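Each chain is listed here by its residues.
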Amino acid sequence: MTTLSERILGAPAGEYVDRPVDRAYVHDGTGVLTLEAWRALESGEIASPDRTYVLFDHIIPANSSTTADLQHELRKFACGAGLHFSDIGDGICHQLMGEGTALPGEIIVGADSHTCTLGAFGAFATGVGATDMAVIWASGSTWFRVPETVGIFFSGRLSGHTEAKDLALTYVSRLGMDGATYRALEFIGDGTTHLSMDSRMTLCNLAVETGAKTGLCYADAVTAAYLQSFGEIVSTQAPPSCTYEQELDFELEDIIPVIAVPPRVDTIFPVSELCGVPLDQVFVGTCTNGRYEDLSRFASIVRGKKVRVRTIVAPASRAVLEDAARTGILSDILAAGCTVIPPGCGPCLGAHMGVIGEGEVCLSTANRNFRNRMGVGGEIYLSSVSTAAASALAGEIALPGGDE
Amino acid sequence: MRIEGNAVCLPPDIDTDLIIAGRYLRTKDRSIWATHVFEDLDPSLEARLRGSVIIAGKNFGCGSSREQAAVALKEAGVVCIIAPSFARIFFRNAINRGLPLAQADLSCRDGEKVVVDFSAGTVTAGDLSREIPPLSPRMLEILAEGGLVEHWRKRR
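A quick note: this is a predicted structure, and the numbers were derived from the prediction, not measured. (Residues numbered from 1 in each chain as written. Chains lettered and ligands numbered in written order. Predicted model: local features only at pLDDT ≥ 70, side-chain atom pairs only at ≥ 80, totals over all residues.)

1. Quick word on the overall build of chain B
- Looking only at helices and strands, chain B features six helices and seven strands.
- Order of helices (α) and strands (β) in chain B, N terminus to C terminus: β-α-α-β-α-β-α-β-β-β-β-α-α.
- Against the globule reference of 15 Å for 156 residues, chain B gives a C-alpha radius of gyration of 15 Å, in line with a compact fold.
- The principal-axis extents of the C-alpha atoms in chain B amount to approximately 40 × 40 × 25 Å.
- Across the 156 residues of chain B, 53% fall into the buried class.
- A separation of at least 24 residues holds for 68% of the contacts in chain B among residues at least 6 apart in sequence. (Helix = DSSP H or I, 4+ residues; strand = E, 2+ residues; numbered from the N terminus. Rg over C-alpha atoms; globule rule 2.2 N^0.38 Å. Buried ≥ 20, exposed ≤ 12 C-beta atoms within 10 Å, placed from the backbone. Contact = placed C-beta atoms within 7 Å.)

2. Quick look at the interface of chain A and chain B
- Contact with chain A, which involves 39 residues of that partner, is made by 33 residues of chain B.
- Going through the elements one at a time, helix 2 (30–41), helix 3 (65–80) and helix 5 (130–139) of chain A are the ones with two or more residues in the side of chain A that touches chain B.
- Ranked by residues supplied to the side of chain A that touches chain B, first place goes to helix 2 of chain A with seven residues.

3. Remarks on the domain arrangement of chain A
All names here are of chain A.
- Segmentation of chain A into domains returns domain 1 (1–256) and domain 2 (258–394).
- Taking only C-alpha atoms, the centre of domain 1 and the centre of domain 2 are 23 Å apart.
- At the interface, 35 residues of domain 1 touch 33 residues of domain 2.
- For the side of domain 1 that touches domain 2, the element with the highest residue contribution is helix 6 (residues 164–175), accounting for six residues.
- When its residues are assigned to classes, the side of domain 1 that touches domain 2 shows 11 nonpolar, 16 polar and eight charged. (Domains from an automatic or database assignment. Nonpolar A, V, L, I, M, F, W, Y, C, P; charged D, E, K, R; others polar.)

4. Concerning the pairing of strand 15 (residues 310–313) of chain A
Residues and elements named next belong to chain A.
- Here strand 14 (residues 281–284) runs beside strand 15; their pairing, made up of four bridges, is parallel. Looking at the pairing, F283 lines up with I312 of strand 15.
- Across two bridges, strand 15 lies against strand 16 (residues 339–340) in parallel orientation. Paired with I312 across the two strands is T339, which belongs to strand 16. (Pairing = 2+ DSSP bridges.)

5. What about the environment of S48 of chain A?
- Examined against the element boundaries, S48 of chain A turns out to sit in the loop between helix 2 and strand 3 (52–55).
- Measuring from C-alpha to C-alpha, the distance between S48 of chain A and A314 of chain A comes to 32 Å, with 266 residues separating the pair along the chain.

Printed below as a string of structure tokens:
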């Protein structure tokens, strides 16, 4: 009678354990501090170069000489040390790890808070800081406190223009920004098994916005089929047989399109109550909503029309971009007047490629709307891709399907 | 371990973007992080941080994994942070950087003298006193040695 976290970490909730990690990754942002801390350790070699990844996604291509110098140093190191390295334009670290690398049952650490995205594969995947990561580089392992778990039951199916993102914002709002601090979330029930892997990654991505260590889905036939497309044959995980410290239930038929208003991810309103809020920018992408399913949904709404507000689209990876080019949805997005930027984090953290100005309002499909995050004095509303598409066409917040 | 400082009061849910904004991350120069700490919350705060104990509301340090947040606070002279709860990545980062954290729900008056006694398991602010849950022996060792890098170097 154990939760998935207890099963993977091999100890009951509340215990402290030391465990070797199966995958450890950093990006160009956190990798710099990790390298500095690792050098201070003077440990010699990286313990497991074959399990260590450096993936450039945060400010790519470099936006200044300072950034370029920092990236040059990290790139040179990663390649010299024989680590897995992916350069500018390959995509967002969590997405790349989710394209056939992260596997069910693994322990995965990333120097980024949204590492929890990979819980979608039935892995225990959690974010760590740079110094923790440096010690993982040196030793191949780290300590964990096995978390208690909140069970989140989904039943039924999403309908209309409602997406996993609406579901995710809804559970974050129910739990609150610290409702699951130090704990894990498990997403279960037939409403979860109906979701695609792209949607499950969206669901798990927002787990950290409740303070959770990670969010997990059990690996099932959908997981196995997805990973098989990358040549990985995996077993499914036995469904849950545990009692949870706390349980939440959601009927997916009751979920409606929602928006998180600035500056809190847990403060949501139905889109219908915000219709008409003027927008200066729409941003579609990120580790939350930059996958093929998202771009496809976006294209299906803007196809043959023109956006009325500047709209930035960032595919989550090169594979997503290539698929979008091959199937033609990229052309639909471009023809609608959107600006497509290289696969990566884009303007999500306010560093480049779509920073907003004072008094400007951005509707974003990302996961954080903290004060000043995308630019000093700007405001961020968070929504699904469908809501972003309908709003881009309207030039103001609009309900998806409202013109049908 | 016993720490003293003057209280600086902060609200709940202080996120890491507010501690140090993303636009200041691309550097290895810690003094830049210390200079711009809390800039988007209240630019006047930085000048009051040397020798301070921050007493904050719940969920301090939520958001990103950026370790620069813990480094910035330490470099700016914060000697301890007290809050009813901390975001977990920030919690580990702070300990790893040798910045002590105490879990307690404490009403706060700016400038008041605060004493945190990890050995006795208490925090005292003015005439108010609260018990704090103990840090693990490993965390206390890491703090005593000034951070995880030093701790690890001693034991490898």
